[in-house]
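# Remarks on the overall topology
Next come the chains, spelled out residue by residue.
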Amino acid sequence: MLKRIYNKTIILTRNSSILKRLNIYSILRDDFVIKKLISLFSIFLAISVITFFLVKLSPGDPAQNYLRASHVSITTETLTAARKNLGLDKPLHIQYFNWLTDILKGDFGTSYTKKSPVTELVNEAIVPTFQLGIFSFVILIILSPLLGILSAIKRNTAFDYIIQVLSYTGVSLPTFWLGYILIIFFSVSLKILPVSGRGDWKNFILPCITLVLPLIAQTTFFIRKNILEEMEKAHVENAIIRGVSKKRIILNHLLRNTSIPIITVLSSNIMYLLTGSVLIEEIFAWPGIGKLFTTAVKTGDFPLIQILLLFFGVMSIIVNEFTQVLVKYMDPRLRIKEKSKAGGVL
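The structure reproduced in this document is the subject of the present report. Small disclaimer: the values here were computed from a predicted structure and weren't measured. Here the residue numbering is sequential within each chain, running from 1 through the sequence in written order. Side-chain atom pairs in this predicted model are given and counted only at pLDDT of 80 or more, local residue features only at pLDDT of at least 70, and totals for whole chains, interfaces and linings cover all residues. Excluded from the side-chain calculations are hydrogens and water; all other atoms, namely the structure's heavy atoms, are used.

Next up on the list: the overall build of the protein chain. A count of helices and strands for the protein chain gives 17 helices and 0 strands. Think of it in three bands: residues with accessible area under 20% of the maximum for their type are buried, residues over 50% are exposed, and the middle band is partly exposed, with areas taken using a 1.4 Å probe on protein chains only. Here the protein chain holds 346 residues, and 38% of them are scored as buried. Contacts are residue-level and defined by heavy atoms, with any inter-residue pair within 4.5 Å sufficient. In the protein chain, 70% of the contacts between residues at least 6 apart in sequence involve partners at least 24 apart. Strands here mean DSSP runs of E at least two residues long; helices mean DSSP runs of H or I at least four residues long; both are numbered from the N terminus.

Before going further, it helps to examine the packing of helix α8 (residues 118-153) against helix α15 (residues 289-299). Following both chains from N to C, one finds α8 and α15 inclined at 135°, their axes separated by 7 Å at the closest point. Here α8 lies oblique to α15, going by the angle between them. Here α8 contributes Leu121, Val122, Ala125, Ile126 and Thr129 to the contact with α15, which in turn contributes Ile289, Gly290 and Leu292. Gly counts as polar in this scheme, as do all residues outside two lists: the nonpolar Ala, Val, Leu, Ile, Met, Phe, Trp, Tyr, Cys and Pro, and the charged Asp, Glu, Lys and Arg. Along the lines of polarity and charge, the residues of the contact of α8 with α15 split into 6 nonpolar, 2 polar and no charged. Orientation is described by lines fitted to C-alpha atoms, with helices fitted over the stretch in contact, and by angles between N-to-C directions that extend from 0 to 180 degrees. Just so you know how the angles are binned, under 35 degrees is roughly parallel, over 145 roughly antiparallel, 65 to 115 roughly perpendicular, and the rest oblique.

Every buried residue of helix α6 (residues 76-86) is listed here: Thr78, Leu79 and Ala82. All buried residues of α6 fall inside an arc of 100° around its axis, so they share one side. Opposite its buried face, α6 presents the exposed residues Thr76, Glu77 and Lys84, each directed more than 90 degrees away. Those residues of α6 that are buried lie in contact with α5 (62-69). Relevant arc is that of directions from the helix axis to the C-beta atoms, nothing else.

With that out of the way, let us pick up the packing of α8 against helix α13 (residues 246-275). α13 packs onto α8 with a crossing angle of 150° between their chain directions and a minimal axis gap of 10 Å. Remark: the crossing between α8 and α13 carries right-handed chirality. Contact residues: α8 offers Thr129, Phe130, Gly133, Ser136, Phe137, Leu140, Ile141, Ile149 and Ile153, while α13 offers Lys246, Ile250, Leu255, Leu266, Asn269, Ile270, Leu273 and Leu274. Of the residues belonging to the contact of α8 with α13, the class tally is 12 nonpolar, 4 polar and 1 charged. A crossing counts as left-handed when the near helix is turned anticlockwise from the far one by less than a right angle, and as right-handed when that turn is clockwise.

Another point: the layout of surface pockets. Cavities and pockets were defined on a 1 Å grid built from protein atoms only: a cavity is a group of points that admits a 1.4 Å probe but offers it no way out, a pocket is an open group of points flanked by protein on both sides within 12 Å along at least five of seven lines, and a lining residue is one with an atom within 4 Å of any such point. Grid points are joined across faces, edges and corners, and a volume is the space filled by probe spheres set on the points. If you add up the space inside the largest pocket, you get close to 560 Å³. For the largest pocket, the lining is made up of 22 residues, of which Leu86, Trp99, Asp102, Gly109 and Pro303 are closest to its centre. When residues of the lining of the largest pocket are traced back to their parent elements, those giving at least two are α4 (32-57), α6, α7 (92-104) and α16 (302-330). In terms of residue count, α7 provides more of the lining of the largest pocket than any other element does, 5 residues in total. Classifying every residue of the lining of the largest pocket gives 10 nonpolar, 8 polar and 4 charged.

This part takes up the side chain of serine 48. One can find serine 48 in helix α4. Here the side chain of serine 48 touches leucine 45 through a polar contact of 2.6 Å, landing on its backbone oxygen. Here a polar contact is recorded for every N or O atom pair within 3.5 Å, except that within protein the pair must consist of a potential hydrogen donor and a potential acceptor, and residues adjacent in sequence are included only if both atoms are side-chain atoms.

Unusually for a residue other than glycine, asparagine 156 sits at a positive phi of about 65°. In this fold, asparagine 156 is placed in the loop between α8 and α9 (158-172).

Now for the nonpolar core. If you look at the biggest cluster of nonpolar residues, it comprises 31 residues, and the most contacted ones within it are Leu132, Leu140, Ile227, Leu254 and Phe284. Listed by contribution, the elements that provide at least two residues to this core are α8, α10 (175-189), α11 (202-231), α12 (234-241), α13 and α14 (277-283). Counting residues per element, this core draws most heavily on α11, at 10 residues. The residues contacting isoleucine 227, other than those within four sequence positions of it, are Ile149, Ala152, Leu254 and Thr258. The set of buried Ala, Val, Leu, Ile, Met, Phe, Trp, Tyr and Cys residues whose side-chain atoms join them within 4.5 Å is what this entry labels a nonpolar core.

Let's shift gears to empty space enclosed by the protein. Scanning the model with the defined rule gives 1 cavity of 30 Å³ or more in all. The computed volume of the largest cavity comes to approximately 40 Å³. Forming the walls of the largest cavity are Pro194, Val195, Ser196, Gly197, Lys202, Asn203, Ile205, Leu206, Pro207 and Phe284. By residue class, the composition of the lining of the largest cavity is 6 nonpolar, 3 polar and 1 charged.

Any carboxyl oxygen of Asp or Glu within 4 Å of a side-chain nitrogen of Lys or Arg constitutes a salt bridge here. Counted under the stated rule, the structure contains 7 salt bridges. Each of Glu282, Lys291 and Lys298 takes part in a single network of salt bridges with overlapping partners.

Relative to the elements of secondary structure, threonine 51 occurs in helix α4. Polar contacts involving the side chain of threonine 51 include one to the main-chain carbonyl oxygen of isoleucine 47, which spans 2.8 Å. Contacts of threonine 51, omitting those with residues within four sequence positions, involve Trp99, Gln306, Leu309 and Leu310.

What follows deals with a nonpolar patch on the surface. Only residues above 30% relative accessible area that lack a salt bridge enter a patch, with like-charged residues linked at up to 9 Å and the nonpolar side chains Val, Leu, Ile, Met, Phe, Trp and Tyr linked at up to 5 Å. Areas reported here follow the Shrake-Rupley algorithm with a probe of radius 1.4 Å; residue values treat only the protein chains shown as occluding. Judged by side-chain polarity, Phe176, Trp177, Tyr180, Ile181, Ile184, Val188 and Leu279 come together as a nonpolar surface patch covering roughly 660 Å² of accessible area. With 6 residues, the top contributor of residues to the nonpolar patch is α10. Along the chain, leucine 279 falls in helix α14.

Looking at α5, one finds that the buried residues are Pro62, Ala63, Asn65, Leu67 and Ala69. Considering only its buried residues, α5 is in contact with α6, α15 and α16. Looking at where α5 begins, the residue whose side-chain oxygen comes 3.1 Å from the main-chain nitrogen of alanine 63 is aspartate 61. Following α5 by one or two positions, histidine 71 has its phi on the positive side, about 60°.

Listed below in structure tokens is the structure:
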């Protein structure tokens, strides 16, 4: 039936000069967008299934958690009433269908402990997490390419050896250990930075350093490796022989050809800055998504756990799609390949 509707739509658009002038005809004929939307929705469904059943398999009874949060004594009668009220008396597949239906309607449930819609709690926590993540990401995209390129250009010098040692050290440091060491040194001993909380710009310093330092080390090492591999290729050696300036070699030969892997690894770090901040927010009592998630796990707040897991999954989809679009924009070969496929469809 859907195929017949689609074919009729194509016939109507072929006979409509207005739609042709608006270029809607070519959009409808190209099924790339439709396939992409179906793919994204399928991924979302898979994430929702994993989220729902992962929470259901976790230890603890949601009805008991609900009664404890409501300060109601746990008896057979109250458990039965709570399970009926929460819909836990129905089969699992019915529970999942009802939960998914409510999500598609925009109803994500009510928190057991806070007694308020979980969307309100998430909306309040998103801002601090995004602030911390964006600030850390700006530091990452400034320092990592700079240190990686300089280390590769100054290969086998003292500067290169120092960057390599710092990179290996930064990758090896446990995040929680680094956070506590920074607190002891800068907050307890020197008393120049706040220990925890979200106040002025000083509160950002220690969480950002703890969050971004391992990423800077890892990304710097990756960029250095890619630049060194590119420097050994024939076109770079020919440019050096022709007397091309070092600046043009770096911009036109090294960065242009290594931009795709660099952009890919930098984009992949965006997801870590959002989900990897769970431990950081717990250490520094940062009122973000990570702190909210750990609190929900401790209290067994199942609706809040579900929406946060779903949020992490959806964010990974968005970041992945953004990375693919950016890579296609940067690489003309991928654009030509995609256009040729579209031309084949048309």
